[in-house]
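For reference, the chains in residue letters:
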Amino acid sequence: MRSKDIALVALFAAIMVVLGFFPLIELPLVPAPFTAQTLGVMLAGSVLGARRGGSAILLFVVLVAIGLPVLPGGRGGLGVIMGVTGGFVLAYPVGAFVVGLLTELCWRRYNLALALLCNAVGGALVLYAIGIPWMAVVGGLPLGRAFTGSVVFLPGDAAKVVVASLAAVAVRRAYPLVEPRERAGA
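Now for a description of the structure that goes with this document. Note that residues are indexed from 1 along each chain, following the sequence as it is written. The model is predicted, so local features are restricted to residues of pLDDT at least 70 and side-chain atom pairs to those at 80 or more, both for listing and for counting; the totals for chains, interfaces and linings are taken over all residues. Derived side-chain values reflect all non-hydrogen atoms in the structure, with water molecules and hydrogen atoms excluded from consideration.

Remarks on the packing of aromatic side chains
Then, number 1: We call Phe, Tyr and Trp rings a pair once their centres come within 6.5 Å, taking the six-membered ring for Trp, and we label the pair stacked below 30 degrees between planes, edge-to-face above 60, and tilted otherwise. If you walk through the whole model with that rule in mind, you get two aromatic pairs.
Then, number 2: Judged by centre distance (6.5 Å) and plane angle (55°), the rings of phenylalanine 88 and phenylalanine 153 are tilted. With a gap of 65 residues between them, phenylalanine 88 in helix α5 (residues 86-105) and phenylalanine 153 in the loop between α7 (143-149) and α8 (154-174) connect regions that are remote in the sequence.
Then, number 3: Among the residues examined, phenylalanine 153 registers a relative accessible area of 6% and is labelled buried. For the purposes of this entry, the term helix denotes a DSSP run of H or I that reaches at least four residues, the term strand denotes a run of E that reaches at least two, and both are numbered from the N terminus. Partly exposed describes any residue whose relative accessible area lies between the buried limit of under 20% and the exposed limit of over 50%, with all areas from a 1.4 Å probe on protein chains only and scaled to the type maximum.

The structure is reproduced here in structure tokens:
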């Protein structure tokens, strides 16, 4: 990695820490809270691309794992990762990577509609696909209950998808950081 890449990775890991300062919002029906940090996952992937975005969020997860209180409510440590919400935390770098990969694949014609799709798939769907089953297993919940209980996250996550997408399109116009990825056979 070049020093510019390292600086960007560190910057977005720091943005994730700052988003952790937003208060923890407990929701009914599920043992996982609503946080602003999924916005950081989407921003990292859509602004930095797959490799740098995924690396930034992986660095953040390492900070959580070593016990720094960087999650909302001052939480951190392996206990959080092995707990009910750990699947979501572990899914963060995967989500950022997927957002970044999709963004790179459609970079040449990237617009708000594509940004919304990339952020929804990587920043919400991927996180749900990993976090909900983890929550069900660790929390001793039936998968169906964990899934239906997670519906309460949809309005907030939809708003975060919109905010991240608007920001990504604006950054693309002003100061593009993502490099297009060529499709196989294209």
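There is more to say, and it comes next.
What to know about the pattern of salt bridges
Opposite charge on two side chains lets them pair, provided their charged atoms get close.
Then, number 1: Each salt bridge in this description consists of a side-chain nitrogen of Lys or Arg and a carboxyl oxygen of Asp or Glu lying within 4 Å of one another. Scanning the model with the defined rule gives four salt bridges in all.
Then, number 2: Residues arginine 2 and aspartate 5 are paired through a salt bridge, measuring 3.6 Å at the closest nitrogen-oxygen approach.
Then, number 3: One salt bridge in this structure joins aspartate 5 and arginine 52, with 3.0 Å as the shortest N-O distance. Of this pair, aspartate 5 sits in helix α1 (residues 3-19) while arginine 52 sits in helix α3 (residues 50-65), placing them 47 residues apart in sequence.
Then, number 4: For aspartate 5, a relative accessible area of 3% corresponds to the buried category.
Then, number 5: Here the salt bridges share partners, and the residues they tie into one network are Arg2, Asp5, Arg51 and Arg52.

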